[in-house]
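Structure assessment
One-letter residues, chain by chain:
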Amino acid sequence: GRSAAREVAESGGNCTMSHRRHRIGMPQQGAGLLPAAVALSPEMRGSVCNRIQGMLTFLPDGSVEETDSPGYIIQRDRFDRGLATAAAAAGAFLYAGARAVQHVHNLTRVHTDSGYIEIRSTITIGADGPRSIAGSWMGSSNNNFVLSAQWTVNLNSRLRKTRLYFDRHFPDGYGWLFPGRSFARGGIALHWSVGVTAR
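Residues numbered from 1 in each chain as written. Predicted model: local features only at pLDDT ≥ 70, side-chain atom pairs only at ≥ 80, totals over all residues. Heavy atoms only, no water.

1. Topic: the overall build of the protein chain
- In terms of helices and strands, the protein chain carries four helices and 14 strands.
- Dimensions of the protein chain along its principal axes, counting C-alpha atoms only, are 55 × 40 × 25 Å.
- Counting across all 199 residues of the protein chain, residues that qualify as buried make up 36%.
- Entry remark: accessible area of the protein chain is about 12,200 Å², with carbon and sulfur atoms responsible for 50%.
- If the 22 positive side-chain charges of the protein chain are averaged to one point and the 14 negative ones to another, these points end up 7 Å apart. (Helix = DSSP H or I, 4+ residues; strand = E, 2+ residues; numbered from the N terminus. Buried < 20%, exposed > 50% of the residue type's maximum accessible area, 1.4 Å probe, protein only. Areas by Shrake-Rupley, 256 points an atom, 1.4 Å probe, with all protein chains shown as cover. Lys, Arg positive; Asp, Glu negative; His and termini not counted. Charge placed at Lys NZ, Arg CZ, Asp CG, Glu CD.)

See the structure below:
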């Protein structure tokens, strides 16, 4: 959403962003892996905490596949704030702590701390995650989920490759370890139907 807002603003369009939380980037979302093909603006370079050279995939039969997939591990909160700063610097307007609640034709109703506002737009982008309110406006809802849990752990040495784990202990799911400099984010995702929580 913030990337789209920046692109629109940089091309001279009028753009308004609404962000549900007051603090952009908090709580952090995801494990923080970006492919190297993503162009990092100066506002976002400070969020990089490790350069990745590739990926190791551990398969159920015990074999390991190595993939050449360079990228970055980022501090997602800093990265998200950098994206918002870049969008605002390009001319996009940001409402923080604002939640879009209704959309009819080209009018979106947004709830803010001081009440409701209405935003008229030619194009509306709903970048609001897997349980998207914007999706529900189009009659689309996601019902097929993997549920995950993630932890931050210390590393004894610096790693340059991400790790994915497909294992019989993770039915209909997977595990991951994405290394920063002295830490890694590790987690497990399991399909909701297995009846076991990832945590």
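2. Focus: the sheet that holds strand β12 (residues 161-165)
- The strand order across the open sheet formed by six strands is β5-β4-β12-β13-β14-β11, and the pairing between neighbours is mixed. Strand pairing shows two members of the sheet lacking a second neighbour, β5 (64-67) and β11 (146-154), which therefore form its edges. Neighbouring strand axes in the sheet, compared pairwise and without regard to direction, differ in orientation by 15° on average.
- Where β11 lies against strand β14 (residues 183-191), nine bridges are found, and the strand directions are antiparallel. What sits directly across from V146, in β14, is H191. (Pairing = 2+ DSSP bridges. Axes fitted to C-alpha atoms, helices over the stretch in contact; angles between N-to-C directions.)

3. Observations regarding a nonpolar patch on the surface
- Nonpolar side chains collect at one region of the surface, where V146, F166 and Y174 lie side by side and expose about 230 Å² of accessible area between them.
- Given the relative accessible area of 30%, Y174 is considered partly exposed. (Patch = residues over 30% accessible without salt bridge, like charges linked within 9 Å, V, L, I, M, F, W, Y side chains within 5 Å. Salt bridge = Lys/Arg side-chain N within 4 Å of Asp/Glu carboxyl O.)

4. Side note on a positive patch on the surface
- A contiguous patch of positive charge on the surface is contributed by R51, R158, R160 and R181.
- Inspection of the secondary structure assignment puts R158 in the loop between β11 and β12.

5. Points about the nonpolar core
- In terms of nonpolar packing, the biggest core is built from ten residues, these being A31, C49, I52, M55, I73, L164, W176, F178, F183 and A189.
- Only β3 (48-52), β13 (173-179) and β14 provide two or more residues apiece to this core.
- With residues near it in sequence (within four places) discarded, F183 still touches C49, Q75, T152, V153, N154 and L155. (Core = buried A, V, L, I, M, F, W, Y, C linked by side-chain atoms within 4.5 Å. Contact = heavy atoms within 4.5 Å.)

6. Quick notes on the side chain of T108
- Position of T108 relative to the elements: it lies in strand β9 (residues 107-112).
- A distance of 2.7 Å separates a polar atom in the side chain of T108 from a polar atom in the side chain of H103.
- What T108 contacts, discounting residues up to four positions off in sequence, is A100, Q102, H103, I117, E118, I119, T124 and W137. (Polar contact = N/O pair within 3.5 Å; in protein donor to acceptor, adjacent residues only side chain to side chain.)

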